[in-house]
Amino acid sequence: MTHIASWRSPSNIALVKYWGKHGLQLPNNPSLSFTLSECYTDMTLRVITGSSTPQLTILYDGNERPAFEPKIKSFFNRISDTLPWLTEASIVIDSLNTFPHGAGIASSASSMSALALCLDDIDRQINAITNPLNHTQNLDRISELARLGSGSACRSVFPVAALWGEVSGVKSSHDRYAIPWAEHVANIFKDYQDTILVVSKAEKAVSSTIGHELMSGHVNEESRYVQARQNLLTLIESLKSEKALDVFISVCESEALQLHALMMSGKRPFLLIEPGTIAIIKEVWTFRQDTGIPVCFTLDAGPNVHLLYPASFKGSVLDWIKTNLIRHCADGLFITDEVGSGPQKL
Ligand code: PMV
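Quick summary incoming for the structure in this document. (Residues numbered from 1 in each chain as written. Predicted model: local features only at pLDDT ≥ 70, side-chain atom pairs only at ≥ 80, totals over all residues. Heavy atoms only, no water.)

Looking at the nonpolar core
Next up, step 1: One finds Phe76, Ile93, Leu115 and Leu119 to be the most contacted residues of the largest nonpolar core, which totals 38 residues.
Next up, step 2: Of all elements in the fold, only strand 1 (2-16), strand 4 (31-49), strand 5 (56-60), helix 1 (69-79), strand 7 (89-97), helix 2 (107-130), helix 3 (139-149) and strand 8 (161-164) reach the threshold of two or more residues within this core.
Next up, step 3: Looking at which element gives the most residues to this core, the answer is helix 2, with nine residues.
Next up, step 4: Once residues lying within four places of it in the same chain are set aside, the contact partners of Leu115 are Met43, Leu45, Ile72, Phe75, Phe76 and Ile93.
Next up, step 5: Counting 32 residues, the second-largest nonpolar core is a separate cluster that includes Phe34, Tyr177, Val251 and Val339. (Core = buried A, V, L, I, M, F, W, Y, C linked by side-chain atoms within 4.5 Å. Buried < 20%, exposed > 50% of the residue type's maximum accessible area, 1.4 Å probe, protein only. Helix = DSSP H or I, 4+ residues; strand = E, 2+ residues; numbered from the N terminus. Contact = heavy atoms within 4.5 Å.)

Things to note about the packing of helix 6 (residues 245-264) against helix 7 (residues 275-291)
Next up, step 1: Two elements in contact, helix 6 and helix 7, have axes separated by 13 Å at closest approach and are oriented at 165 degrees. As far as their axial angle goes, helix 7 and helix 6 are roughly antiparallel. Between helix 6 and helix 7 lies a crossing of left-handed hand. Contacts between helix 6 and helix 7 involve Ile249, Glu253 and Leu257 from the former and Ile281, Val284, Trp285 and Arg288 from the latter.
Next up, step 2: For the contact of helix 6 with helix 7, a count of residues per class yields five nonpolar, no polar and two charged. (Axes fitted to C-alpha atoms, helices over the stretch in contact; angles between N-to-C directions. Parallel < 35°, antiparallel > 145°, perpendicular 65-115°, else oblique. Left-handed = near helix turned anticlockwise from the far one by under 90°. Nonpolar A, V, L, I, M, F, W, Y, C, P; charged D, E, K, R; others polar.)

Side note on helix 8 (residues 314-325)
Next up, step 1: Buried residues of helix 8: Val317, Leu318, Trp320, Ile321 and Leu325, and no others. Seen along its axis, helix 8 keeps its buried residues to an arc of 160 degrees; they face one direction.
Next up, step 2: On the buried face of helix 8, the contacting elements are strand 10 (193-197), helix 7, strand 12 (305-309) and strand 13 (334-338). (Arc of directions from axis to C-beta.)

Structure representation (structure tokens):
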């Protein structure tokens, strides 16, 4: 029997970062992210169940990409207890991202969350035949499936914002899946802007998989997890009101710099920022000081800079980017994104 599911799922940008894990993609500290809007993956999954010769075909924009196979196969192995039909299925995955490869936007977050949504959709199609009432969409489960594909992907399944990892005092927070955080954020954050300045399109020298590993035994390991928890609690408070933007800014920037400081100070130090990254950070600080516009930056595991600011300042910030910052961007590339409403069935 053939089943088809198509989903659009966005990337996300962490404000408090997940960096260090244990077990099967379980985080060593909680993290909180904004869900993006324009940076997303569209995916179609075609599954023929009960196949005697199961096959996996991975397409990107219609062209075969066998390089992705090992990662997808190990993901399918991890989840075959939950989705037993996977072991006897012929599967075609076809996806397309809206953002360029190497733009420093977490494509694993959007693609693995899209895949988790498609798998859950197909699982419900299969089970509806035997048990029509028992299968409604369950975002905890989808988030958990996405986590097993790529940790940060578990936060992409919720609109606006998501919290991943157990936090004492936060009911239902969990290490196994993210929880929705939209109802805890002030309106100003619901269309917050994220303009991504692409400093370099080069492939990362060190993958986040290795970066997570290098946290084990890091000289700052324990203090990092303590500080991440404190930053998370401070961030949660600051998100409740538009009056605490100064606190929001200091947590975001401290987290971004700390992530990269951890990379630079481990047993095997590495550096993902570029001179352009530092030049932009300095310009952000000067611009904020001079204009009072509450723009701040965050960084992912790469050199590209995410500028975060309220939508009401979009015109002024984009003018400033075009006159002052574009010279630091590879081929003048920047991507205008904002907080978004989460995945969509296509
Ligand atoms: O999901 P991973 O394993 O690619 O790790 C993501 C790590 C950061 O992007 C640097 C931080 C985060 O919380 O998204």
